[in-house]
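# Overview (structure and organization)
Residues per chain, in single letters:
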Amino acid sequence: AEVRRIYRENPRLFDLQPGVRFALWQFPFKNYLVGERTFVEAEQEANREAEALAAAFRAGDSPAEAARRFGVPDGEWKENEEFVVKEGFRDEEISQWLFDPARRPRDARGLAPDKGPVVIGILETRPARRRSFDEVYGDVVARVRQGRRVRVEKEELIRLVRQGAVAWPEDLADA
């Protein structure tokens, strides 16, 4: 009954936020500064590679295939396994593009930060929706149990403090 009341009284807490899974490939200019190549030539080559990778991703290459095909080393590309939600996403420009309702899998966009081009490719989108009681039941029960456990711990700490049973290491007190 308590879990049902929590679900009924706080419906927004259980909404599934829109999310997106994406892959990201980096093309640092330093990787293209080889031999007698000037910085401008390295920049042009990095931009060409980034555009070609974006086109290959749009055409159906997996993130790993695209990275392998264009020589993007491990550590300079990643594929998110979890959905990312807009809340807490740092870069506003990228956030607006990623979470635009018009985004579809295989969309790709190039960015031009100072260190070299970056390509972002959409793998999967998830629309917002209300989760059912059955879907959230286990999570709510776990949170209620955690809250009760923490409350008991805090009450026990308060009881011990009132009794004067608090240990106080002097070296920590001085720090």
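The following refers to the structure shown. Just so it is clear, the model here is predicted, and its values are computed rather than measured. (Residues numbered from 1 in each chain as written. Predicted model: local features only at pLDDT ≥ 70, side-chain atom pairs only at ≥ 80, totals over all residues. Heavy atoms only, no water.)

Counting 19 residues, the largest nonpolar core has Trp 25, Phe 27, Leu 53, Val 72 and Val 119 as its most contacted members. Among the elements of the structure, strand 2 (19-26), helix 2 (39-59), helix 3 (63-69) and strand 6 (118-126) are those that each provide at least two residues to this core. Among the elements that line this core, the one with the most residues is helix 2, at seven residues. Counting 11 residues, the second largest nonpolar core, distinct from the first, contains Phe 22, Trp 97, Leu 98 and Ile 122. (Core = buried A, V, L, I, M, F, W, Y, C linked by side-chain atoms within 4.5 Å. Buried < 20%, exposed > 50% of the residue type's maximum accessible area, 1.4 Å probe, protein only. Helix = DSSP H or I, 4+ residues; strand = E, 2+ residues; numbered from the N terminus.)

Applying the stated criterion to the full structure yields five aromatic pairs. Plain terms: the ring middles of Tyr 7 and Phe 133 are 5.5 Å apart, the flat faces sit at 75 degrees to each other, and that makes the pair edge-to-face. Of this pair, Tyr 7 sits in helix 1 (residues 2-9) while Phe 133 sits in helix 5 (residues 133-163), and the two are 126 residues apart along the sequence. Here the two residues Tyr 7 and Phe 133 agree in accessibility, since each one is buried. Site record: aromatic cluster; members linked through ring pairs are Tyr 7, Phe 14, Phe 133 and Tyr 137. The ring of Phe 57 carries the charged tip of Arg 106 above its face, separated from the ring centre by 4.5 Å. (Phe/Tyr/Trp six-rings, centres within 6.5 Å; stacked < 30°, edge-to-face > 60°. Lys NZ or Arg CZ within 6 Å of the ring centre and 35° of its normal.)

Pairing geometry for strand 5 (residues 108-111) and strand 6, over four bridges, is antiparallel. Residue pairing across strands places Leu 111 opposite Val 118, the latter belonging to strand 6. Connecting strand 5 to the next strand, strand 6, in antiparallel fashion are six residues, including Gly 116 with a positive phi near 145 degrees. (Pairing = 2+ DSSP bridges.)

Okay, helix 1 next. An α-helix turns once per 3.6 residues; consequently, residues spaced three or four apart project the same way. For helix 1, the set of buried residues is Val 3, Ile 6 and Tyr 7. In an axial view of helix 1, the angular spread of the buried residues amounts to 95 degrees, which keeps them on one side of the axis. In this fold, the buried residues of helix 1 make contact with strand 7 (129-130) and helix 5. (Arc of directions from axis to C-beta. Contact = heavy atoms within 4.5 Å.)

None of this, on its own, says anything about what the molecule does.
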